[in-house]
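Observations on the three-dimensional arrangement
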Amino acid sequence: MTDSQRHIVLAEASAVLREIGSAGMRLHRLCDYLRQYVAAYDWVGFYLAVPGERVLVLGPFSGAPTDHLRIPYGRGVCGQAAAEDRTIVVPDVAQEANYLACSVHVKSEIVVPVHYHGKLAGEIDIDSHSSDAFSEQDRLLLEELALECSELVNEVAPGGWYPPGATGEPG
Ligand code: SME
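Residues numbered from 1 in each chain as written. Predicted model: local features only at pLDDT ≥ 70, side-chain atom pairs only at ≥ 80, totals over all residues. Heavy atoms only, no water.

The next subject is the packing of helix 2 (residues 23–37) against helix 4 (residues 136–156). It is the contact of helix 2 with helix 4, at a shortest axis distance of 8 Å, that shows an interaxial angle of 150 degrees. With respect to their mutual orientation, helix 2 and helix 4 come out roughly antiparallel. When the axes of helix 2 and helix 4 are compared, the crossing they make is left-handed. Residue-level contacts link Ala23, Gly24, Arg26, Leu27, Leu30 and Leu34 of helix 2 to Leu142, Leu145, Cys149, Leu152, Val153, Glu155 and Val156 of helix 4. For the contact of helix 2 with helix 4, the class distribution of residues is 10 nonpolar, 1 polar and 2 charged. (Axes fitted to C-alpha atoms, helices over the stretch in contact; angles between N-to-C directions. Helix = DSSP H or I, 4+ residues; strand = E, 2+ residues; numbered from the N terminus. Parallel < 35°, antiparallel > 145°, perpendicular 65-115°, else oblique. Left-handed = near helix turned anticlockwise from the far one by under 90°. Contact = heavy atoms within 4.5 Å. Nonpolar A, V, L, I, M, F, W, Y, C, P; charged D, E, K, R; others polar.)

Structural data, given as structure tokens:
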């Protein structure tokens with residue numbers, strides 16, 4: 001994405017986040033918006049931190065259902081991003097040893113931590129069916145959105161609002 005595309009997506013995504021609704025619904029709408037409007041984003045979701053258990057639980061998401069409802073810190077790209085508390089970009093998932101496959105179609109992934117008052121509250125996780133889909137522009141966009149999501153993510157974590165086995169719609 002170009003610099004100007006990033007600014008447009010950021011403005012629209014921020015407006016989506018401000019729409020009325022529960023924290024879970026607002027995060028879910030953001031996932032839907034990003035998946036619909038950014039061509040390379042094929043699965044967009046939140047993992048919510050349960051720091052006492054050092055585990056992530058699946059939160060609001062948009063895309064195909066995933067088997068990965070609970071991910072211990074350190075496991076897979078999401079768990080590694082939580083353990084190291086940093087953004088991780090995987091340009092080619094086939095080359096990543098510590099990777100939990102969601103779908104055979106996924107070629108690249110980005111995971112961006114969300115903080116609340118300096119502590120890890122969750123993550124934004126995005127999968128793409130294209131390889132090397134995530135540039136510096138994507139990282140900047142998602143790190144900015146992670147700041148804007150901070151309170152909402154904290155409100156739905158820990159434990160997660162999302163019932164295992166559901167399909168991405170808020171309960
Ligand atoms: N691929 C992730 C697992 C979560 S799914 O992408 C939704 C990982 O390696 O942590």
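Having put the structure on the table, let's press on.
Turning next to the site of the ligand. Trp43, Tyr47, Thr66, Gly76, Val77, Cys78, Tyr99, Leu100, Cys102, Glu109, Asp125 and Asp127 make up every residue found near the ligand. One of the backbone nitrogen or oxygen atoms of leucine 100 is found 2.7 Å away from a nitrogen atom of the ligand. Here an oxygen atom of the ligand and a side-chain polar atom of aspartate 125 are 3.4 Å apart. Across the complex, the protein chains shield 100% of the 310 Å² of accessible surface that the ligand would expose by itself. Breaking the shell around the ligand down by element, the ones donating at least two residues are strand 1 (43–50), helix 3 (76–84) and strand 6 (119–128). Here the element with the most residues in the shell around the ligand is helix 3; it accounts for 3 residues. Looking at the shell around the ligand, its residues break down into 7 nonpolar, 2 polar and 3 charged. (Near = heavy atom within 4 Å. Polar contact = N/O pair within 3.5 Å; in protein donor to acceptor, adjacent residues only side chain to side chain. Areas by Shrake-Rupley, 256 points an atom, 1.4 Å probe, with all protein chains shown as cover.)

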